[in-house]
Amino acid sequence: MADCFNIKDLDLYYGDFKALKKVNMDIEENKITAFIGPSGCGKSTLLRSLNRMNDLIEGCRIEGSIKLFSEDIYGKDMDVTLLRKRVGMAFQKPNLFPMSVYDNVAYGPRTHGIKGRYELDEIVETSLRNAAIWDEVKDRLKKSALGLSGGQQQRLCIARALAVNPEVILLDEPTSALDPISTGKIEELLMTLVNKYSIIIVTHNMQQATRISDNTAFFLQGEVVEYSNTEKLFSMPENKKTEDYITGRFG
Amino acid sequence: MTIKKNKIKEKIFAILTWGAGILSIVVLLYIIGFILYKGVPYIKPSLFSLKYTSENVSLMPALISTIIMTLMSLLIAIPFGVFSAVFLTEYAKSGNRFVKIVRVTTETLSGIPSIVYGLFGMLFFVTFLNWGFSILSGAVTLAIMILPLIMRSSEEALSAVPDVFREGSFGLGAGKLRTVFKIVLPAAAPGIFAGIILAVGRVVGETAALIYTSGTVAQIPDSPFASARTLAVHMYSLSGEGLHMGEGYATAVVLLVLVIGINALSAFVAKRIGGYGKDK
Ligand SMILES: Nc1ncnc2c1ncn2[C@@H]1O[C@H](COP(=O)(O)OP(=O)(O)OP(=O)(O)O)[C@@H](O)[C@H]1O
Ligand SMILES: [Mg+2]
């Protein structure tokens, strides 16, 4: 099985503060990889460096390398626009634009130059079907997306990310603001999406990590303490700190 | 004991606040009533004739000039104001020296009395650039006067747009330009619009800055370099001459209706601000 990301000796600084320390990770293709760890340990930071969303933060700089299918994403010839098309993202809180359901989903493809009416219609429908929300919104495509429930909005955010046909999807605590039923729906969705996409998810919910992920990385103060098969990490952690964390004996 | 005292205090305070409220409403109603009482009898069709003569002091040319003046000054001030605000919120790095200078300057400019703008306009546009007393000199002067207002309100509206919208757009591969035009500006539009309407209110009500720049000719201007008077200046002239006080009041009625209309519109728009982020 190929890797989608190869992260090598990655250090990341916010100004003088070193948020990631010597991170080395190979992330497998068509798998769900979970990032767990206490608050402030650098999970979001690593996730956001995978599609260079950290570029937007003043004073943020990195050392080391990240390769996406063996292409250096911080290399000179890397087109950030194209990178973000290939590596899509959904955030903790649904952040739909104040426009219609249709326009939200069509925003990405339009950004990348798709203008044809029929082509867009088709992309929108397929993305919504793939995100398992088509039936709920098909009668209100032209209405504002902000009238939907939180869970629906989050799935619509995923549909919006799918619409640019990415290879990898990054999710930063996508269910932390949702009720258990909506959470279940999203987990189900991710398990079907993983056949076509590589998925990386940050979660504070360890049950969620065990339910859906293939591999898990445990972070502590900017370091990856342990990274392995999810089942193994949760049943036979090698590191004492990992064990403390997953058994809840940790601050 | 203390409870009783508190109760009395509360009563007094309630009476005071109610009193203040009622007093200001009464004063307002009195002014409006006074203007209507004095002005309405003079509102006749002849007051709306296209030509102003010394017998028939028609307000129609002034009304048309007001509209032209408003449109011209907005045409100049909106692009400058909105795009400066976009630069300040979206492009300039926070803590940038230049940004601070611009902020201090706009704040200072918004506190300057309008007569000062008028004098500046007269020295610079009327005399130095030799545009004469003209609707152009007036409009540019007013544009400078309302620029800080439009900039400030646009800046506020733009920074009120949640960052998660920008992130969402960048995350889909959109560039800065697309994000600003397709996501940020539309989301900020109601706030920007409310600022523009306030600016219109100031233009419509302005006299001091105009008397020295666009002059007081009471005909419909036939070119940007023609002198013209707005309704407010018209009123000022009529009451200064003292020969047509009734018509002056009638003009005040028209101006009042105009201003109330503008305020109603801005209240309506303001209600919709922040509509994004919330439902519907
Ligand atoms: N923009 C920023 N500027 C400066 N420091 C930052 C910035 N973003 C994050 N940090 C710091 O970097 C560290 C890692 O933050 P990060 O958001 O990656 O943590 P996290 O593991 O995602 O935490 P959480 O579970 O609370 O989301 C924290 O100490 C945080 O304070
Ligand atoms: Mg986080």
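The residue numbers shown here count from 1 along each chain, following its written sequence. Key to labels: chains lettered from A, ligands numbered from 1, both in the order written. Reporting of local features is limited, given that this is a predicted model, to residues whose pLDDT is at least 70; pairs of side-chain atoms are given and counted only at 80 or more, and all residues count toward the totals for whole chains, interfaces and linings. Just so you know, side-chain values use all the structure's heavy atoms and leave hydrogens and water out.

Draft legend 1. Looking closely at the overall build of chain A. Helix and strand counts for chain A stand at 10 helices and 10 strands. Expected size for 251 residues packed as a compact globule is a radius of gyration near 18 Å; at 18 Å, chain A falls within 12% of this value. Projected onto the principal axes, the alpha-carbon positions of chain A cover approximately 55 × 45 × 35 Å. Only the protein chains shown count as covering a residue, and every accessible area follows the Shrake-Rupley method with a 1.4 Å probe. Accessible surface, chain A: about 11100 Å² in total, of which carbon and sulfur atoms supply 48%. Each charge sign in chain A was given a centre, from 32 positive and 35 negative side chains, and these centres are 4 Å apart. A run of DSSP states H or I qualifies as a helix once it reaches four residues; a run of E qualifies as a strand once it reaches two. Both are numbered from the N-terminal end. Note that the radius of gyration is over C-alpha atoms, with the globule rule given as 2.2 Å times the number of residues to the power 0.38. Charged-residue counts in this description rest on Lys and Arg as positive and Asp and Glu as negative, His and the chain ends being excluded. We put the charge of a Lys on NZ, of an Arg on CZ, of an Asp on CG and of a Glu on CD.

Draft legend 2. Just the interface of chain A and chain B, in detail. Whether two residues are in contact is decided by their heavy atoms: any pair within 4.5 Å suffices. With 21 residues of chain A at the interface, the matching set in chain B holds 22 residues. The term buried area refers to how much accessible surface (probe radius 1.4 Å) is lost by two components on association, counted for both of them together. The largest per-residue losses of area from chain A upon contact with chain B belong to Glu58, Tyr107 and Leu146 of chain A, which jointly make up 28% of the total buried on that side. By definition here, a salt bridge exists when the distance from a side-chain nitrogen of Lys or Arg to a carboxyl oxygen of Asp or Glu is within 4 Å. Across the contact surface, chain A and chain B share one salt bridge. Note that Arg48 of chain A is salt-bridged to Glu167 of chain B, the shortest N-O span being 2.9 Å. Polar contacts, as counted here, are pairs of nitrogen or oxygen atoms within 3.5 Å of one another; within protein the pair requires one atom able to donate a hydrogen and one able to accept it, and residues that are adjacent in sequence qualify only if both atoms are side-chain atoms. Taken together, chain A and chain B are joined by six residue pairs in polar contact (both at pLDDT 80 or more).

Draft legend 3. Main features of the sheet that holds strand β7 (residues 168–172) of chain A. Residue and element names in this part refer to chain A. Pairing between two strands requires that DSSP report at least two bridges joining them. As summarised here, the arrangement of the six strands in space is β6-β7-β8-β3-β9-β10, forming an open sheet in which the pairing is mixed. Each edge of the open sheet is held by one strand with a lone partner, namely β6 (87–90) and β10 (223–229). Taking the axes of each pair of neighbouring strands and ignoring which way they run, one obtains an average angle of 15° across the sheet. Bridge count for β6 against β7 is four bridges, and the pairing is parallel. By the bridge assignment, Val87 is partnered in β7 with Val168. Sheet strands in contact with helix α7 (residues 180–193) are β3 (32–36), β7 and β8 (198–202), and its direction is about 150° off that of β8. Inter-axis angles, ranging from 0 to 180 degrees, are taken between N-to-C directions of lines fitted to C-alpha atoms, where helices are fitted over the stretch in contact.

Draft legend 4. Main features of the sheet that holds strand β2 (residues 17–28) of chain A. If you trace the four strands from one edge of the open sheet to the other, you get β2-β1-β4-β5 (chain A), paired in antiparallel fashion. Each edge of the open sheet is held by one strand with a lone partner, namely β2 and β5 (71–72) of chain A.

Draft legend 5. Spatial organisation of the packing of helix α6 (residues 150–162) of chain A against α7 of chain A. All names here are of chain A. The contact between α6 and α7 brings their axes to 9 Å, and the two run at 20°. The angle between α6 and α7 places the two elements in the roughly parallel class. Like other packed secondary-structure pairs, α6 and α7 cross with a definite hand, here right-handed. Residue-level contacts link Gly151, Gln154, Arg155, Ile158 and Leu162 of α6 to Ser182, Lys185, Ile186, Leu189 and Leu193 of α7. Across the contact of α6 with α7, the residue classes tally to five nonpolar, three polar and two charged. Oblique is the label for any angle not under 35 degrees, not over 145, and not in the 65 to 115 range, which are roughly parallel, roughly antiparallel and roughly perpendicular in turn. Crossings are classed by handedness, with left-handed meaning an anticlockwise turn of the near helix from the far one by less than a right angle and right-handed meaning a clockwise turn. The nonpolar class holds Ala, Val, Leu, Ile, Met, Phe, Trp, Tyr, Cys and Pro. Asp, Glu, Lys and Arg form the charged class, and all remaining residues, Gly among them, are polar.

Draft legend 6. A nonpolar patch on the surface, seen in detail. Residue and element names in this part refer to chain B. Where nonpolar side chains cluster on the molecular surface, the patch consists of Phe83, Phe87, Tyr91, Phe98, Leu177 and Phe181 and spans about 620 Å² of accessible area. Secondary-structure elements contributing two or more residues to the nonpolar patch are α2 (60–91) and α7 (176–205). The leading source of residues in the nonpolar patch is α2, at three residues. In this fold, Phe87 is placed in helix α2. By relative accessible area, which is 36% here, Phe87 ends up partly exposed. For patches, a residue must show more than 30% relative accessible area and have no salt bridge; joins then use 9 Å for like charges and 5 Å for nonpolar side chains, namely Val, Leu, Ile, Met, Phe, Trp and Tyr. Working definition: with a 1.4 Å probe on protein chains only, accessible area under 20% of the residue-type maximum means buried, over 50% means exposed, and in between means partly exposed.

Draft legend 7. Seen up close, helix α3 (residues 97–110) of chain B. All names here are of chain B. The span you would expect from a helix comes to 1.5 Å times its residue count less one. In a regular helix each residue adds 1.5 Å, so 14 residues correspond to 20 Å; α3 covers 20 Å between its end C-alpha atoms and thus fits that length. Inspection of α3 places Val99, Val102 and Thr106 among the buried residues, and these make up the whole buried set. Buried residues of α3, seen end-on, are gathered within an arc of 60° and therefore sit on one face of the element. Pointing more than 90 degrees away from the buried face of α3 are the exposed residues Arg97, Lys100 and Val104. Its buried side turned inward, α3 meets α2 and α5 (135–159). The backbone nitrogen of Phe98 lies 2.7 Å from a side-chain oxygen of the residue at the head of α3, namely Asn96. What the arc covers is the set of directions going from the helix axis to the C-beta atoms.

Draft legend 8. Looking closely at α6 of chain A. All names here are of chain A. Between the first and last C-alpha of α6 there are 18 Å, a value that for 13 residues agrees with the 18 Å anticipated at 1.5 Å per step. Most of α6 is tucked away, with 12 of its 13 residues classed as buried. Those residues of α6 that sit buried are Gly151, Gln152, Gln153, Gln154, Arg155, Leu156, Cys157, Ile158, Ala159, Arg160, Ala161 and Leu162.

Draft legend 9. A look at the domain arrangement of chain B. Residue and element names in this part refer to chain B. Residue ranges assigned to the domains are those given by an automatic or database domain assignment. Segmentation of chain B into domains returns domain 1 (2–41) and domain 2 (43–274). Taking only C-alpha atoms, the centre of domain 1 and the centre of domain 2 are 33 Å apart. Between domain 1 and domain 2, the residue contacts involve eight residues of the former and eight residues of the latter. Across the domain 1 to domain 2 interface the summed buried area is about 660 Å²; carbon plus sulfur atoms make up 76%. Considering only the surface of domain 1 that becomes buried against domain 2, Ile35, Lys38 and Gly39 emerge as the three largest contributors, covering 53% of it.

Draft legend 10. Structural view of the site of ligand 1. All names here are of chain A. Within the structure, ligand 1 sits among 13 residues, and Ser39, Lys43, Ser44, Thr45 and His204 are positioned closest to it. At 2.8 Å from an oxygen atom of ligand 1 is found a main-chain nitrogen or oxygen belonging to Gly40. Within the contact set of ligand 1, an oxygen atom lies 2.7 Å away from a side-chain nitrogen or oxygen of His204. Burial of ligand 1 by the surrounding chains reaches 63%, relative to a free accessible area of 630 Å². Going through the elements one at a time, β2 and α1 (43–49) are the ones with two or more residues in the shell around ligand 1. Considering every element that reaches the shell around ligand 1, the biggest residue donor is α1, with three residues. Of the residues contributing to the shell around ligand 1, the split by class is five nonpolar, six polar and two charged. We call a residue near a molecule or strand when any one of its heavy atoms sits within 4 Å of it.

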